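Coordinate analysis (summary)
Residues per chain are reported as follows:
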2 protein chains.
Amino acid sequence: MAQAIDLMLRGARQIVTATGSQPRAGAGLAAIEIHENAALAIDDGCILEIGPVAPMEKRYQARHTLDAEGGVIVPGFVDAHTHPVFATTREVEFEQRTQGATYTEISQAGGGILSSVRGVRGASKEELVARLLLHLDRFLDMGTTTVEAKSGYGLSLEDELKCLEVIALAGAQHPVELVPTFLGAHEFPPEFRDRRGAYVDHLVQDMLPAVAERGLAEYCDIFTEAHVFGLDDSRRILERARELGFGLRLHVDQLTPLGGAELAAELGAASADHLEFVSDHGIESLGAAGVVPVLCPLVPLYLRVEQEVPGRRMVSAGLAPALATDFNPGSCYTQSMPEVMTWAALRLRFSAAECLTASTLNAACSLGRGASVGSLEPGKRANVLILDQPDYRHLCYEFGRNPVRVVIAGGKVVRDARRS
Amino acid sequence: MAQAIDLMLRGARQIVTATGSQPRAGAGLAAIEIHENAALAIDDGCILEIGPVAPMEKRYQARHTLDAEGGVIVPGFVDAHTHPVFATTREVEFEQRTQGATYTEISQAGGGILSSVRGVRGASKEELVARLLLHLDRFLDMGTTTVEAKSGYGLSLEDELKCLEVIALAGAQHPVELVPTFLGAHEFPPEFRDRRGAYVDHLVQDMLPAVAERGLAEYCDIFTEAHVFGLDDSRRILERARELGFGLRLHVDQLTPLGGAELAAELGAASADHLEFVSDHGIESLGAAGVVPVLCPLVPLYLRVEQEVPGRRMVSAGLAPALATDFNPGSCYTQSMPEVMTWAALRLRFSAAECLTASTLNAACSLGRGASVGSLEPGKRANVLILDQPDYRHLCYEFGRNPVRVVIAGGKVVRDARRS
């Protein structure tokens, strides 16, 4: 007799997925599975099986069936780097920058990270939760079911805790799974501008223990760059974070080749992010230490920085990159992983298969969730997308449109925009 | 007593529009109107008035009212350059190119324009109409209500007529207004590869008169480039087209500085398109002749050509540029004008106001429709969008998401994706 299950997906031209629970490195990045004329069975929130339609329909009796209408089925996207807790947008600064204003001019005119800090400090927790929920709706619309979410626009103990509580509150009431990261070391707050050492002390002695005690973050991140947190300060903060049980993520080598990748490797970080200016030695170090490089190819384009992240060199060196939007109000105002994939193809020369693995499995692994999400395999959480594209390579080939028609998160249909 | 009207839009934070029926040039490109706390009245398919809410509500009794929910109202977008009639997509070639294949390698592997020609020749009129209607649905989803549509993948009398008939048939049954352009001089067809002069003769003697006789195209376009139609062939074809009553559009100076802009000016063309390699003299000539430069900033990015169109130089020289997607299966697979605007801001340094004018009024003017569409003014066709963004500058600032919630074409609500 057929086994009763919750949901069967059929009618897809392709079911496409990376496989495994470990980050896929080097040539393995492109080694995806493509199932044609297959069905996908879901039960109890998890993926049960992918296989040829006819035997699947004999084996299972589904309470609900969804028709993919000749489209493509892929895993829910995982966005491994975002700053989604903010109160105000920065379209004025964007326009100033496109019109030629420099970073210094924008800062002097009240722009930059500190303008977001003013906004967050002035906003109530309820207001920030409401805004974050709107962002999460849009992530979900565009097929992103797991989102790394950083604090970092509070920069005081009180305001950083507020941001992390906002992430916890919004995550608890939304289908998008949030992975919280403490980024108190995003910038020096105005009140510590002339005593930077005291802010580092405050981070190490007060803020990190308070966040750890409340269990509000899985990861600790830092903006390691010459004009912000240098290598020594970064090491001190991150070593303390590691002692307190945080996983480590680092913004490194984004604007200058400071050697942040080497530091990430030395500390056994989960990820090293940005990396436009990483050295060959930095790439080697990341490879040897098994750190996932999280690449944000939209950011240099959005900031009009000509330097491109050496994505192909990383793959050749055997690294296992992830892709991310870096969604934030200053340097990248998009939440679309398909948009990231198109530009990763165009600028980093990633194939569509590489883009897909980097946007799902490898991103999940960088967040410690390789065993639960990031691929379509029996036992993994059923985070599944139906795209209205005839081939998975359209994820890169087409851009500027949301191809996601159906979003399933934890086995539940949470979006259905099919016309029929 | 209040006047009965069809539709009233209210609740917008901003109603933003260029004004007039002539292309806006130089500093005028940025001179938009921004109405706050205003309503927009529509009757009999046309815009009746924009004004402060209270008096408008006294003056008019609307049969239907739409709430813009704090968003922005702008004119329907006008896409002044597209190749939407094709049978097959070219995602394989896209991937080959991102992986480093050259144009020649792609052509030898069966890619390029001629692969689209094979597809169109092998497709029935019904199949092409069905595909075009799908594309038109997507244009409309993304707020484009007027689309210039070229033939050019037929390259035989029979197949070019088929493509133009497809445009007429699809246009007659869809809310998107299509402006048909004959592009028989897109490339040399395989059967004329070794006798190019004979194809030019065929265009002049047979194809152009046949298209004119059937009234199937308003414009004649040509790919003027050293390896395709040189200046002399271009002049001969376009002069014949002008005699037959066609307006003229030209693909010029896209890959090399051939002097196509000067030719467009000499012939009094409606538009000169692409222009990445235009000379200063070419820019001057376009300005003196009042030719609208139609800029497609996504194309060099999609083709990984480093040369950028000198958009700011054109504005400084007093030109009146339009923006366009160049939607086609080879060199730009997107239909999104907001995506074009973001990259025009980032790469051409256009302000959001300039992007909006170039994507509406100036594009309409380049298509001979400046009097009927392209702005929100009394008497113009009511092609109106409601965006879910709080400020019109978000059209450039945000990307990768469709901000269009409601589309009104000719006074009718043809899309409504508001959540509430």
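First, a word on scope: everything that follows refers to the structure included in this document. (Residues numbered from 1 in each chain as written. Chains lettered and ligands numbered in written order. Predicted model: local features only at pLDDT ≥ 70, side-chain atom pairs only at ≥ 80, totals over all residues. Heavy atoms only, no water.)

Observations concerning the relation of the copies chain B and chain A
For clarity, the threshold we go by: Our superposition of the copies is a least-squares fit, built on the C-alpha atoms of residues whose pLDDT is at least 70 in both. Residue contacts follow a heavy-atom distance rule, with two residues in contact if any of their heavy atoms lie within 4.5 Å.
Once chain B is rotated about the relating axis by 180 degrees and shifted along it by 0.0 Å, it coincides with chain A to within an RMSD of 0.0 Å. The two molecules are tied by a two-fold rotation axis, judged by turn and shift. Minimal C-alpha distance to the rotation axis in chain B is attained by B:G400, lying at 2.5 Å. A share of 100% of the interface residues of chain B reappears at the interface of chain A, consistent with the copies meeting face to face through the same patch.

A short note on the sheet that holds strand β15 (residues 322–323) of chain B
Residue and element names in this part refer to chain B. Condition: Any two strands with at least two DSSP-identified bridges between them are counted as paired. A run of H or I in DSSP counts as a helix once it spans at least four residues, and a run of E counts as a strand once it spans at least two, with each numbered from the N terminus. Axis definition: a line fit to C-alpha positions, over the contact stretch in the case of helices; interaxial angles, taken between N-to-C directions, run 0 to 180 degrees.
Here eight strands make up an open sheet; going across it, the order is β8-β9-β10-β11-β12-β13-β14-β15 and the pairing parallel. Strands with a single pairing partner mark the edges of an open sheet, and in this sheet they are β8 (77–79) and β15. Sitting on the sheet, helix α6 (residues 157–172) is in contact with β9 (144–150) and β10 (177–185), with an inclination near 175 degrees to β10.

Looking at the sheet that holds strand β4 (residues 38–43) of chain A
Residue and element names in this part refer to chain A. Taken in spatial order, the four strands make up an open sheet running β5-β4-β1-β6, and their pairing is mixed. The two strands at the open ends of the sheet, each matched to only one other strand, are β5 (46–52) and β6 (60–67). Between one strand axis and the next, the sheet turns by 30 degrees as a mean value, whatever way the strands run.

Some remarks on unusual backbone geometry
Peptide bonds are mostly trans, and most non-glycine residues show a negative phi. Selection criterion: Each residue is assigned to one of three classes by its accessible area relative to the maximum for its type, calculated with a 1.4 Å probe on protein chains only: buried under 20%, partly exposed between the two thresholds, exposed over 50%.
With phi around 60 degrees, A:L155 is a residue other than glycine that occupies positive phi space. Along the chain, A:L155 falls in the loop between β9 (144–150) and α6 (157–172). Take A:L155: its relative accessible area is 0%, and that puts it in the buried class. With phi around 55 degrees, B:R304 is a residue other than glycine that occupies positive phi space. Mapping B:R304 onto the fold places it in the loop between α11 (298–303) and α12 (311–316). Given a relative accessible area of 23%, B:R304 falls into the partly exposed group.

Quick notes on helix α2 (residues 91–98) of chain B
Burial within α2(B) is extensive, with six of its eight residues counted as buried. If you check which residues of α2(B) are buried, you get B:E91, B:E93, B:F94, B:E95, B:R97 and B:T98. Close packing links the buried residues of α2(B) with α13 (337–348), α14 (352–358) and α16 (394–397) of chain A together with α3 (103–108), α4 (113–122) and α11 of chain B. Positive phi appears at B:G100, one or two residues downstream of α2(B), with a value of about 110 degrees.

This is a description of form; function is not addressed.
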